[in-house]
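An overview of the molecular structure
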Amino acid sequence: MNLAERDQNVIWHPYTQMKTAALPIPIVRGEGALLFSEDGQTYIDAVASWWVNLHGHAHPYIAQKVAEQLQTLEHVIFAGFTHPAAVTFAERLLQILPQGQSRIFYSDNGSTAVEVALKMAIQYWNNHGTTKKKIIAFRDSYHGDTFGAMSVSARSAFTAPFWSYLFEVAFIDVPTPGNKEESIKQLEAFAAAGDVAAFIYEPLVLGTAGMVMYTPEVLDRLMLICQQHDILTIADEVMTGFGRTGRHFATDYLQQKPDMVCLSKGLTGGTMALGATSCNEKIYEAFLHDDKSKTLFHGHSYTGNPVACAAGLASMDLLLQTETQESINRIAQRHAEFAQRIKDLPQVLEVRQQGTILAVEFEDGGTSYFSDLRDTLYSYGIDNGVILRPLGNIIYVIPPYCITDKQLDQVYQTIIGMQEIVSGKRHHPRPDRDMLHD
Ligand SMILES: *Cc1c(COP(=O)(O)O)cnc(C)c1O
């Protein structure tokens, strides 16, 4: 039995209809932006392995730092104990995090980073003796797959079986250019009605919604409304953090600063599972009390894992190098040039770009048409050695920063090929099994 067949006997994959899915592609090695399969194929990882990878696969510097940490201290209980990697990483995170953030609470993924922020926000008001209940979120948002994170995410097919178990959330429109004033009005109405504990949002780019983008100016206006009504703000930078949008954080484009920030994905450069929720002193101080019931009773077995923190430190070393920052600018520049090239081609509805994130939205010829087409596009990418996972009729690129110009050319050429398929200029067979799961 080969690896894919053995996999089929024992594994249940995420976001995958196991009955109809194509066999998974066994990857045996990674280097830079490339992944190598068991059968000798090479793939460009144009989606940074679900948006986590910053510096390329199996990076020798991160590997060395992780190996050193493993041989020194692999894990220690994080209540009553601490260790150098967690403290140093927190110190260094706070140096680059948006102004005002002063404490780091570790967890182990993006969903838990969101859960922690929501619990901090709700208990903040409890500890102050006021029960503010309502949470505001964007209608199309995605904040993770645990119950709290699902609650503040879009009510979509992903969460439909759980709707009756999710807490109520006040949803407002995403303030895209056409929807700006409407979104502001909706927030103002909820804010004026009172009882709002917090507003959670993906700053500037909503990833899972389809790389939907909006301006820092309108987010500043929304945050100002929150400030005026004493509503806590939670920036979910799980996807946008660590250079993705062109600056360290999407929040760096804003005048207003959030009370809490959620981090994961790029936090370790995509090597180890780690989450972090940062907050400002105002939040932190609300939990300092002689009355023990005011404590934040939350933690995970692997909270502050030293190996994950060491990976985070190594990734940050790389991120702050001039070479990496130049590469982020180079990718943004190349994306912008490609956007110009493709935006007026047939069937291209819109091209969006923010830093290293590029999205091409094709005309949607009806849902059933597109659910077939996206499998065709995905398999076309795979057949051309490029991993691109369409979100419906939207193709996006979120590459590792080390991607070369030549590799970017191949990614862009593949997207042009997809445009030709969508506009009927090129034929590519539809795969007979599901190629795409989200
Ligand atoms: C991926 C993502 C999450 C969830 O992170 P996981 O590590 O997958 O649980 C939360 N928020 C945003 C914005 C994300 O993109």
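Residues numbered from 1 in each chain as written. Predicted model: local features only at pLDDT ≥ 70, side-chain atom pairs only at ≥ 80, totals over all residues. Heavy atoms only, no water.

1. Structural notes on the sheet that holds strand 13 (residues 348-354)
By definition, the strands of a sheet pair up through backbone hydrogen bonds, in either a parallel or an antiparallel sense. Strand order in the open sheet formed by three strands is 13-14-16, with antiparallel pairing between adjacent strands. One side of each edge strand has no neighbouring strand; the edge strands of this open sheet are strand 13 and strand 16 (394-397). Direction aside, the axes of adjacent strands within the sheet are offset by 15 degrees on average. Judged from the four bridges that link them, strand 14 (residues 357-362) and strand 16 form a sheet pairing that is antiparallel. Paired with Ala359 across the bridge in strand 16 is Tyr396. Helix 11 (residues 322-342) contacts strand 13, strand 14 and strand 16 of the sheet and is inclined by roughly 165 degrees relative to strand 13. Across the face of the sheet, helix 13 (residues 405-422) comes into contact with strand 13, strand 14 and strand 16 while running at roughly 10 degrees to strand 14. (Pairing = 2+ DSSP bridges. Helix = DSSP H or I, 4+ residues; strand = E, 2+ residues; numbered from the N terminus. Axes fitted to C-alpha atoms, helices over the stretch in contact; angles between N-to-C directions. Contact = heavy atoms within 4.5 Å.)

2. A closer look at the site of the ligand
Inspection of the region around the ligand gives Trp51, Asn109, Gly110, Ser111, Tyr142, His143, Gly144, Glu202, Asp236, Val238, Met239 and Lys265 as its neighbouring residues. Lys265 places a side-chain nitrogen or oxygen 2.6 Å from an oxygen atom of the ligand. Isolated, the ligand exposes 380 Å² of accessible area, and the fraction of that covered by the protein chains is 84%. Its residues assigned to classes, the shell around the ligand shows four nonpolar, five polar and three charged. (Near = heavy atom within 4 Å. Polar contact = N/O pair within 3.5 Å; in protein donor to acceptor, adjacent residues only side chain to side chain. Areas by Shrake-Rupley, 256 points an atom, 1.4 Å probe, with all protein chains shown as cover. Nonpolar A, V, L, I, M, F, W, Y, C, P; charged D, E, K, R; others polar.)

3. A short note on the sheet that holds strand 5 (residues 134-138)
If you trace the seven strands from one edge of the open sheet to the other, you get 4-12-11-10-7-5-6, paired in mixed fashion. In this open sheet, the two strands that pair with only one neighbour each are strand 4 (101-107) and strand 6 (170-172). Adjacent strand axes in the sheet meet at a mean angle of 20 degrees, parallel and antiparallel pairs treated alike. Judged from the three bridges that link them, strand 5 and strand 6 form a sheet pairing that is parallel.

4. Details of the pattern of salt bridges
Side chains that differ in sign of charge can pair as their charged atoms come close. Counted by the stated rule, this structure contains 17 salt bridges. Between Lys282 and Asp259 there is a salt bridge, with its nearest N and O atoms 3.9 Å apart. With a gap of 23 residues between them, Lys282 in helix 9 (residues 281-285) and Asp259 in the loop between strand 10 (232-236) and strand 11 (260-263) connect regions that are remote in the sequence. Judged by relative accessible area, which is 9%, Asp259 ranks as buried. Between Arg352 and Glu350 there is a salt bridge, with its nearest N and O atoms 2.6 Å apart. Among the charged side chains, a network of salt bridges with common partners joins Arg330, Arg334, Asp405 and Asp409. (Salt bridge = Lys/Arg side-chain N within 4 Å of Asp/Glu carboxyl O. Buried < 20%, exposed > 50% of the residue type's maximum accessible area, 1.4 Å probe, protein only.)

5. Things to note about unusual backbone geometry
Its identity is not glycine, yet Asp195 carries a phi of approximately 70 degrees, on the positive side. With respect to the element layout, Asp195 can be found in the loop between helix 7 (180-193) and strand 7 (196-201). The backbone of Gln347 sits at a positive phi, close to 75 degrees, despite the residue not being glycine. Following the sequence through the fold, Gln347 ends up in the loop between helix 11 and strand 13. Of the residues examined, Gln347 reaches a relative accessible area of 33% and is grouped as partly exposed.

6. Notes on the domain arrangement of the protein chain
Interfaces are often sized by the amount of accessible area the parts lose when they come together. Looking at the assigned domains, one finds that the protein chain contains domain 1 (3-58 + 324-423) and domain 2 (62-320). Each of domain 1 and domain 2 was reduced to a C-alpha centroid, and the two centroids are 27 Å apart. Tallying the contact residues gives 25 residues for domain 1 and 27 residues for domain 2. Regarding the contact of domain 1 and domain 2, the summed buried area is about 2300 Å², with carbon and sulfur atoms giving 61% of it. Our count for the domain 1 to domain 2 interface comes out at zero salt bridges. Counting across the domain 1 and domain 2 interface gives 15 residue pairs in polar contact (both at pLDDT 80 or more). Mapped by element, the contributors of at least two residues to the side of domain 1 that touches domain 2 are helix 2 (48-51), helix 11, strand 13, strand 14 and strand 16. (Domains from an automatic or database assignment. Buried area = accessible area lost by both parts, 1.4 Å probe.)

7. Details of the pairing of strand 1 (residues 27-31)
In the case of a regular strand, side chains alternate between the two sheet surfaces. Note that strand 1 and strand 2 (residues 34-37) share four bridges and pair antiparallel. Each residue of the ladder has a partner; that of Gly30, found in strand 2, is Leu35. Where strand 1 folds back onto strand 2 in an antiparallel hairpin, the turn is made up of two residues, including Gly32, whose phi is positive at roughly 55 degrees.

8. Section: the side chain of Gln354
Assignment of secondary structure puts Gln354 in strand 13. One polar contact links Gln354 to Tyr253, side chain to side chain, over a distance of 3.5 Å. Those residues in contact with Gln354 that lie beyond four places of it in its chain are Leu204, Val205, Met213, Arg244, Thr245 and Tyr253.

9. As for the side chain of Thr159
Its location among the elements puts Thr159 in the loop between helix 6 (147-151) and strand 6. On the accessibility criterion, Thr159 (4% relative accessible area) is buried. If we ignore the near neighbours within four places in the chain, the residues touching Thr159 are Met150, Ala154 and Leu166.

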